[in-house]
Amino acid sequence: MFIGRDRELKTLDKLYHSDKFEFVVIYGRRRVGKTALINHFIDDKQSIYFMGVESNEKQNLENLSKSILEYSNGIETDTYFASYQAALEYVFKLAERERVILTIDEYPYVARESKSLASTLQLLIDKYKDTSKLMLILCGSSMSYMEDHVLAYKAPLYGRRTAQMKIMPFDFEESCRYLKNMSDEEKAIIYGIVGGTPQYLLQINDKMSVEENIRNTFLNPMSFLYEEPMNLLKQEVREPAIYTAIITAIATGHSRMSEISTKVGEDTNVCSGYLKNLINLGIIKKETPYGEKTSKKSIYSIEDNMFCFWYRFVLDNNSIIVRGAADLVYKKIEHS
């Protein structure tokens, strides 16, 4: 079920029909629906789709080669390009004859293992941008990597992109499209619990009550959402334990830097760095009173509704939930 993203699809469609070289950068946090958006867009078009994996350069090059040659020849093959430059140049030349979309999904996984990949793309874009009809899409979940190594001024690919899209969670109105069988009150409650991240909304059954959904997801050790915040942090940061302590502090009402620092047991300078990363990930937000130049009066809150709910009600009750005593936890939620 694909819902929403009308503006993004309209922009991509316009770029596709320009019939000239286009380079689109798509990025955003995990689970937000980037890959679903791309797959929906390329579904009826001539396209080569390649998703990078956390492996070495050789493995990713072989996978890219398979994607390219299967598109070109229509059959599976064990033949591989000798280098990324050879593989990508083949696609650029192929697109001189016809409109082709090349998507490199999870680009950071590929580029981290091939330090020269960005420079290779820069070289080929400059060489073929006036003759090739390639539509190149680079997509990544590591927002800091995409911003620093693709979009930043000092990045090799700076100035080459023709469009960029930061994919955000759905707002309340868009989220309601997933919950059409629920009452308005139930929709509001569910949005307050899981927010607008598509992958989280898909875990909700709109034919069940709010209570049944909470029990089937957050209070069920076998569900997708049960360990989701911890799994996501492990993918995004190096020290998830400290990040967990900071998020927990904020979720339990410690909103100022001094309060967070005291609760976590770390210096404010240390906490500041971690908070900055959490803000960049879209998990925490910082608000400063109007007219204040210093940040001493700033307050921090959890921007992601699912994280807020999970850190308030699931983490501390983990041992109870695992024992199968979900009723006790749900009573706590009801009376909070």
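Look up a bit, the structure's there.
## Looking at the sheet that holds strand β2 (residues 47-51)
- Spatially, five strands are ordered β2-β3-β4-β1-β5 in an open sheet, and the strand pairing comes out parallel. Lying at the two open borders of the sheet, with one neighbouring strand each, are β2 and β5 (163-166). Within this sheet the neighbouring strands show an average axis-to-axis angle of 10 degrees, counted without direction.
- Judged from the five bridges that link them, β2 and strand β3 (residues 100-105) form a sheet pairing that is parallel. Directly across from M51, in β3, lies its bridge partner D105.

## Concerning the packing of aromatic side chains
- Considering all chains together, one arrives at 13 aromatic pairs under this definition.
- Their ring planes at 85 degrees and their centres at 6.2 Å tell us that Y16 and F41 sit as a pair that is edge-to-face. Residue Y16 is located in helix α1 (residues 6-16), and its partner F41 is located in helix α2 (residues 34-42); the two are separated by 25 residues in the primary sequence. Residue Y16 shares its accessibility class with F41, and that shared class is buried.
- Taken together, a centroid distance of 5.0 Å and an interplanar angle of 55 degrees make the contact between F309 and F313 tilted. Remark: F313 and F309 occur in helix α16 (residues 305-313); sequence separation between them is four residues, near one turn of the helix. The residues F309 and F313 share a single accessibility class, namely buried.
- Three or more aromatic residues joined by ring pairs form one cluster here, namely F21, F92 and Y128.
- Sitting over the ring of Y16, K45 keeps its end group 5.4 Å from the ring centre.
- The side chain of R215 reaches across the aromatic face of Y330, ending 5.0 Å from its centre.

Cut-offs used in this document
Residues numbered from 1 in each chain as written. Predicted model: local features only at pLDDT ≥ 70, side-chain atom pairs only at ≥ 80, totals over all residues. Heavy atoms only, no water. Pairing = 2+ DSSP bridges. Helix = DSSP H or I, 4+ residues; strand = E, 2+ residues; numbered from the N terminus. Axes fitted to C-alpha atoms, helices over the stretch in contact; angles between N-to-C directions. Phe/Tyr/Trp six-rings, centres within 6.5 Å; stacked < 30°, edge-to-face > 60°. Buried < 20%, exposed > 50% of the residue type's maximum accessible area, 1.4 Å probe, protein only. Lys NZ or Arg CZ within 6 Å of the ring centre and 35° of its normal.

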